[in-house]
Amino acid sequence: MKQLEDIIKDRLDDYELKLPSMDQQSFWSTKAVRERAAKRRRSYLGVAVGLPAAAAILCGVLLSIHLMKPTEPSKIIGGIPPSVMGLPESYNDLDIIYNLASEIPELSQLPVSAGDCVTGLIHRLYQDEYKPFKGVNVDEFDSSGKIVNHTLTDENGYFSISISNPADSILIHADGYEPMKFEIFRTDGQIAGFILAETDEVSLIVSDAPEFPGGTQALQKFITSNMEYPSDALRDSIKGRVLVQFTVEKDGSITDIEVLKHVHPLLDKEAVRIVSGMPRWIPGKHFGFPRRVRYTIPVTFRLDNSTKPGPAVTDNDRVEEDILADPNDKTF
Amino acid sequence: MRTESFSERDLASRCAVNDRDAQGELYARYAARLYALCFRYVGDREEAQDLMHDSMIKAMGSFRLFSYNGEGSLYAWLRRLTVNIVIDRLRSMSKLRMVPLDTTMEWDVQDSAGDEDVESIPASVLLEMVASLPSVKRAVFNMYCIDGFSHKEIAAAMNISEKGSASILAKSRAQLRETVKDYLKRNGR
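Reading the values: the criteria
Residues numbered from 1 in each chain as written. Chains lettered and ligands numbered in written order. Predicted model: local features only at pLDDT ≥ 70, side-chain atom pairs only at ≥ 80, totals over all residues. Heavy atoms only, no water. Helix = DSSP H or I, 4+ residues; strand = E, 2+ residues; numbered from the N terminus. Contact = heavy atoms within 4.5 Å. Areas by Shrake-Rupley, 256 points an atom, 1.4 Å probe, with all protein chains shown as cover. Buried < 20%, exposed > 50% of the residue type's maximum accessible area, 1.4 Å probe, protein only. Expected span 1.5 Å × (residues − 1). pLDDT = per-residue confidence, 0-100. Core = buried A, V, L, I, M, F, W, Y, C linked by side-chain atoms within 4.5 Å. Pairing = 2+ DSSP bridges. Salt bridge = Lys/Arg side-chain N within 4 Å of Asp/Glu carboxyl O. Polar contact = N/O pair within 3.5 Å; in protein donor to acceptor, adjacent residues only side chain to side chain. Axes fitted to C-alpha atoms, helices over the stretch in contact; angles between N-to-C directions. Parallel < 35°, antiparallel > 145°, perpendicular 65-115°, else oblique. Left-handed = near helix turned anticlockwise from the far one by under 90°. Nonpolar A, V, L, I, M, F, W, Y, C, P; charged D, E, K, R; others polar.

Undergrad: Could you clarify how one ought to interpret the overall build of chain A in this entry?
TA: Summing up its helical and strand segments, chain A has 6 helices and 14 strands in all. Summarising the internal contacts of chain A: among those between residues at least 6 apart in sequence, 70% fall at separations of at least 24. Summed over its atoms, the accessible surface of chain A is roughly 17,400 Å², and 52% of this surface lies on carbon and sulfur atoms.

Undergrad: Looking at this structure, how should I read the overall build of chain B?
TA: The secondary structure content of chain B amounts to 9 helices and 0 strands. Listed by position from the N terminus, the elements making up chain B come as α-α-α-α-α-α-α-α-α. Relative to its 189 residues, chain B shows a buried fraction of 60%. Taking all contacts inside chain B whose residues are at least 6 apart in sequence as the whole, residues at least 24 apart take part in 66%. A total accessible area of about 7,700 Å² is found for chain B, and carbon and sulfur atoms account for 47% of it.

Undergrad: Even after reading the chapter, I still don't get helix H3 (residues 45-62) of chain B, so can you show me in this structure?
TA: Because each turn of an α-helix spans 3.6 residues, side chains separated by three or four positions end up pointing in the same direction. Between its first and last C-alpha atoms H3 of chain B spans 25 Å; for 18 residues at 1.5 Å apiece the expected length is 26 Å, and the two agree. The buried count for H3 of chain B comes to 13 of 18 residues, which makes it a mostly enclosed element.

Undergrad: Got a minute to help me understand unusual backbone geometry in this structure?
TA: What is expected of a backbone is that most residues other than glycine have negative phi and most peptide bonds are trans. Residues and elements named next belong to chain A. For Ser 237, which is not a glycine, the phi torsion comes out positive at approximately 55 degrees. Structurally, Ser 237 is set in the loop between helix H5 (231-235) and strand E11 (240-248). The partly exposed category is assigned to Ser 237, whose relative accessible area is 49%. One non-glycine residue, Asp 256, lies in positive phi territory at about 55 degrees. For Asp 256, the location among the structural elements is in strand E12 (residues 254-261). A relative accessible area of 52% means that Asp 256 is categorised as exposed.

Undergrad: Just checking my understanding: could you explain the confidence of the model for chain A for this structure?
TA: Segments scoring low in pLDDT should not have their predicted coordinates read at a detailed level. All names here are of chain A. Residues with a pLDDT of 70 or more make up 48% of chain A, whose mean pLDDT is 64. Low confidence marks residues 186-196, where pLDDT is under 50. Its contacts with residues over four positions away, or in another chain, come to 53 contacts. The model gives residues 310-332 a pLDDT under 50, and that stretch makes 33 contacts with residues more than four places away or in other chains.

Undergrad: Please clarify how the nonpolar core should be interpreted in this entry.
TA: The tendency in soluble globular proteins is for nonpolar side chains to be buried side by side. Ile 8 of chain A together with Leu 26, Tyr 30, Met 52, Phe 63, Leu 74 and Phe 141 of chain B are the most contacted members of the largest nonpolar core, which has 69 residues in total. Among the elements that make up this core, the one with the highest residue count is helix H2 (residues 20-42) of chain B (13 residues).

Undergrad: I tried to follow the pairing of strand E5 (residues 147-152) of chain A on my own but got confused; where do I start?
TA: Successive residues of a regular strand alternate their side chains across the two faces of the sheet. Residues and elements named next belong to chain A. Note that strand E4 (residues 137-141) and E5 share 5 bridges and pair antiparallel. In the sheet register, Asp 139 faces E5, and the bridge partner there is His 150. Linkage of E4 to E5, two consecutive antiparallel strands, is achieved through a turn of 5 residues, within which Gly 145 is found at a positive phi near 90 degrees.

Undergrad: Got a minute to help me understand the environment of Pro 213 of chain A in this structure?
TA: Residue and element names in this part refer to chain A. Residue placement: Pro 213 occurs in the loop between strand E10 (202-203) and helix H4 (215-226). Look at Pro 213 and you get partly exposed, because its relative accessible area is 34%. In sequence terms Pro 213 and Pro 279 are 66 residues apart; their C-alpha atoms lie 8.1 Å from each other. With near-sequence residues (within four places) excluded, Pro 213 lies in contact with Ala 218, Pro 279, Arg 280, Trp 281 and Ile 282.

Undergrad: Is there a simple way to think about the pattern of salt bridges in this case?
TA: Between side chains of opposite charge, pairing is possible as soon as their charged atoms come close. Inspection of the entire model under this criterion finds 20 salt bridges over all chains. The salt bridge involving Glu 249 of chain A is made with Arg 292 of chain A; its shortest N-O contact spans 2.8 Å. With Glu 249 of chain A in the loop between E11 and E12 and Arg 292 of chain A in strand E14 (residues 289-301), this residue pair connects regions lying 43 residues apart in the sequence. Arg 292 of chain A sits in the buried class, given a relative accessible area of 18%. Residue Arg 280 of chain A is joined to Asp 251 of chain A by a salt bridge in which the shortest nitrogen-to-oxygen separation is 3.3 Å. Here Arg 280 of chain A, found in the loop between helix H6 (265-276) and strand E13 (284-286), pairs with Asp 251 of chain A, found in the loop between E11 and E12; they are 29 residues apart in sequence, far enough to count as distant. For Arg 280 of chain A, a relative accessible area of 52% translates into the label exposed. One network of salt bridges, with partners in common, ties together Lys 9, Asp 13 and Asp 14 of chain A together with Arg 40, Arg 79 and Asp 147 of chain B.

Undergrad: I would appreciate a short explanation of the side chain of Asp 44 of chain B in the present structure.
TA: As for its placement among the helices and strands, Asp 44 of chain B is situated in the loop between H2 and H3. Engagement of the side chain of Asp 44 of chain B in a polar contact is seen with the backbone nitrogen of Glu 47 of chain B, the distance being 2.8 Å.

Undergrad: Would you mind going over the packing of helix H8 (residues 151-158) of chain B against helix H9 (residues 162-186) of chain B with me for this structure?
TA: The axes of two packed helices give the description: the angle between them and the distance between them. Residues and elements named next belong to chain B. Viewed as axis vectors pointing N to C, H8 and H9 meet at an angle of 105 degrees, and their least axial separation amounts to 8 Å. With respect to H9, the element H8 is oriented roughly perpendicular. In contact with His 151, Lys 152, Ile 154 and Ala 155 of H8, H9 contributes Glu 162, Ser 165, Ala 166 and Leu 169.

Undergrad: Looking at this structure, I do not really get the packing of H2 of chain B against H3 of chain B. What am I missing?
TA: Residues and elements named next belong to chain B. The contact between H2 and H3 brings their axes to 8 Å, and the two run at 135 degrees. For the element pair H2 / H3, the angle class is oblique. The way H2 lies across H3 gives a crossing that is right-handed. For the pair H2 and H3, the contacting residues are Gln 23, Leu 26, Tyr 27, Tyr 30, Ala 31, Leu 34, Tyr 35, Cys 38, Phe 39 and Val 42 in the first and Arg 45, Glu 47, Ala 48, Gln 49, Leu 51, Met 52, His 53, Ser 55, Met 56 and Met 60 in the second. Broken down by class, the residue content of the contact of H2 with H3 amounts to 14 nonpolar, 4 polar and 2 charged.

So this is what it looks like as structure tokens:
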């Protein structure tokens, strides 16, 4: 079978994209060249035009907080060495090292004085790309919930708020996103990364995938031990691989089960039945925040001499490699 | 003057001396292809047009460096020149240093769509799909799968590790498969 990328290469290798009609004369003129160059310098990078995905698009906000005294230079230092995170060695002041911890990082409680500045950089995560998030509300509020100070992020996603009382908390919120709150602290230059989750969207991609309790091996065992091969299908030698898609909710429960790739109504129905009987999963998370995640698994119906209708293919049965992702595979 | 009859070698040598007709012919023959190339790398039509124009202008200035060696060598040369310009531009964009998240889909839905299904997708739609990948994945996918760069070359060009390149490539493939799957689903296959 031809790989998708081979098909894409064949079709796009010499593809001709229609150009807007233009006067050739003016195209080559040096004035036009200068104008184009100037226009490029003025504008920011072209934004990728995205095809809307059928499922919900993941939108989140990454916050990196840097608390500093006004006189300190605003150098951002990562808590985790870049090499460990697989990032390039060299970073300038504007680069951000994202904390990939799955839990919200513990923040040390060190003394902070009134008048210190909290500065931060907020980005929006859209289809796997980080874009500066302008207009996010950053509030300092006291123990009674009263807002004592307020600012907004600028077009670079940057904010700076001067703290009146170190005992206060900071609230970061934007329309359509789950707000984030934390107590004021001094991190000594350490980056803390957070994501503001878009309320209730179902994600396709998260930092920590939902997991069947016990992992992929356990999931496969569950499927095979609960499979009751429909006897009519067995009689007619119907086999195949049904792809079943479902949502893993924030509490791990499984909802919205549907067949993504059909094989045969009898097998499809059995696959859905098996999936409906799954116990709760460990929910997916995106940088510490539980997320609803859309997930797909294959349910393979195989015919061999030992296939009997009804329950329990035993644990001793061979499990085929092509079904499971190898948990030891470090390629990705 | 009939420009369609220019051979590649003719075209090149005339462009080298700024022959107006030859320049027009060069544009007529190759601009659309180079525009498509730029678009699949940068994902934005205006930016792609700019880059294509840049590459044409650069070509005009470099024809003395071009030596014809067989049919198709002119296009190959133009194409390489354009890819280099595009990669230079990508490199200078700070976007390139944003690292994509780890994906989570362990299940490699390889053959969820039949060949015939995928083959039926119009090339223009495939182009949009590639162009709509996020910038890093898009660049690596284009370089590896369409323009034939090795991971070593990609690593050098984009200032990442070879392993990073392989990893990003895998994610880009997975994402394209998802997009194709979605598209086929929405279009009733």
